[in-house]
Amino acid sequence: MIVERVKSFFDWLEIDSERRGELELIAEEAALLAEGMTHLKDYLALAALLEFTQPKQIFEIGTYKGITSDFFMQVLPHCRVISIAYINPRREFFKKKFNNSELSSEEIGSYVTKERKSRFTQLIGNSHDLVASKLIDDYGQMDMIFIDGDHSVKGVQKDTELALEILKKNGTIGWHDANPKDQYTPVRKYLENQLEKPMLATYDDYIGGVACWNKKIEEKLQTLTHA
């Protein structure tokens with residue numbers, strides 16, 4: 001469940017002010033490239049979360065052009081990103097606003113810069129078909145999973161279940177599109193009504209939004225709740 005929504009992850013996670021300035025510039029660059037698909041406030045929240053958790057290996061569900069993948073690696077120069085892009089069947093093209101059906105295979109993940117390609121692995125397929133044990137055998141357990149794939153309730157549930165299986169003990173899970181206020185918005189509906197883990201999230205004053213969970217965040221939320 002989303003326990004608290006905050007204006008600034010930087011403040012809540014107590015990120016050093018000098019480092020914050022550097023991260024804000026990186027977030028602004030990514031948001032310009034994203035052209036509205038991912039809000040600046042989302043990149044700011046993710047930058048703070050990355051700095052706080054320092055994941056060495058990130059699994060991203062939902063690649064598109066790879067702007068967010070590249071952003072992860074720019075924020076953390078030593079991390080590795082494995083990302084999966086799901087290409088909807090052509091007959092389902094009009095069912096979702098954003099998907100990879102209109103991209104060529106060369107365009108998927110194409111915004112990952114040349115100097116960061118060696119730290120990036122692109123997978124193509126349906127994340128719901130992945131087998132956790134096989135994924136761990138191939139790439140190891142993950143320090144962080146960012147879920148931005150199938151936005152149906154069932155879809156985000158399946159991706160979250162996978163994330164919990166491949167996550168390291170002290171790992172972090174992040175979800176995109178946690179903000180929309182419409183009660184029928186699937187991601188928010190799942191996070192607020194079905195997932196029992198206490199989460200931190202962005203203020204819901206814009207379209208998009210990031211929610212996150214790990215044990216440290218859970219402990220801090222519980223402390224603040226009982227203060």
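Refer to the preceding data block for the structure.
As the structure is a prediction and not an experimental result, all values here were calculated from the model.

(A) Spotlight on the nonpolar core. Counting 37 residues, the largest nonpolar core has Phe 9, Leu 13, Tyr 43, Leu 50, Phe 71, Phe 72 and Ile 217 as its most contacted members. At the level of elements, α1 (9–12), α2 (17–34), α3 (40–53), α4 (67–75), β5 (142–147), β8 (210–213) and α8 (215–225) are the ones that each hand at least two residues to this core. At seven residues, α3 tops the list of elements feeding residues into this core. When neighbours within four sequence positions are excluded, Ile 217 is seen to be in contact with Trp 12, Leu 13, Leu 49, Phe 52, Leu 200 and Cys 212. Counting 27 residues, the second-largest nonpolar core is a separate cluster that includes Ile 61, Ile 82, Ala 132 and Ile 145.

(B) Representation of the pairing of strand β3 (residues 80–85) within the structure. Within β3, five of the six residues are buried, leaving the element largely enclosed by the surrounding structure. The sheet contact formed by strand β2 (residues 57–61) and β3 spans five bridges and is parallel. The residue bridging Ile 61 from the neighbouring strand is Ile 84, located in β3. Handedness of the crossover joining β2 and β3 through α4 is recorded here as right-handed. Where β3 meets strand β4 (residues 120–124), five bridges bridge the pair, whose relative direction is parallel.

(C) Seen up close, the environment of His 151. Position of His 151 relative to the elements: it lies in the loop between β5 and α6 (153–166). Measuring from C-alpha to C-alpha, the distance between His 151 and Arg 188 comes to 9.6 Å, with 37 residues separating the pair along the chain. For His 151, the contacting residues outside a window of four places in its chain are His 176, Asp 177, Pro 186 and Val 187. Reaching out from His 151, the side chain makes a polar contact with the backbone oxygen of Gly 149 at a distance of 2.5 Å. Within the structure, His 151 has its side chain in polar contact with the side chain of Asp 177 (distance 2.6 Å).

(D) Expanded view of the packing of aromatic side chains. Applying the stated criterion across every chain yields a total of three aromatic pairs. Relative to Phe 72, the ring of Phe 71 has its centre 6.3 Å away and its plane inclined at 50 degrees; by these criteria the two rings are tilted. For the cation-ring pair, Lys 197 lies above Trp 213, with the distance from its terminal atom to the ring centre recorded as 4.3 Å.

(E) The arrangement of α6 in detail. Here α6 is 14 residues long and its end C-alpha atoms lie 20 Å apart, about the 20 Å a rise of 1.5 Å per residue gives. Along α6, the residues classified as buried are Gly 155, Val 156, Asp 159, Thr 160, Leu 162, Ala 163 and Ile 166. The arc that holds every buried residue of α6, seen down its axis, measures 160 degrees, which confines them to one face. Every exposed residue of α6 that faces more than 90 degrees away from the buried side is listed here: Lys 154 and Glu 165. If you follow the buried residues of α6, they end up packed against β2, α5 (132–139), β5, β6 (167–176) and α7 (186–193).

The rules behind these values
- Residues numbered from 1 in each chain as written.
- Predicted model: local features only at pLDDT ≥ 70, side-chain atom pairs only at ≥ 80, totals over all residues.
- Heavy atoms only, no water.
- Core = buried A, V, L, I, M, F, W, Y, C linked by side-chain atoms within 4.5 Å.
- Buried < 20%, exposed > 50% of the residue type's maximum accessible area, 1.4 Å probe, protein only.
- Helix = DSSP H or I, 4+ residues; strand = E, 2+ residues; numbered from the N terminus.
- Contact = heavy atoms within 4.5 Å.
- Pairing = 2+ DSSP bridges.
- Right-handed = clockwise from strand over helix to strand, strands pointing away.
- Polar contact = N/O pair within 3.5 Å; in protein donor to acceptor, adjacent residues only side chain to side chain.
- Phe/Tyr/Trp six-rings, centres within 6.5 Å; stacked < 30°, edge-to-face > 60°.
- Lys NZ or Arg CZ within 6 Å of the ring centre and 35° of its normal.
- Expected span 1.5 Å × (residues − 1).
- Arc of directions from axis to C-beta.

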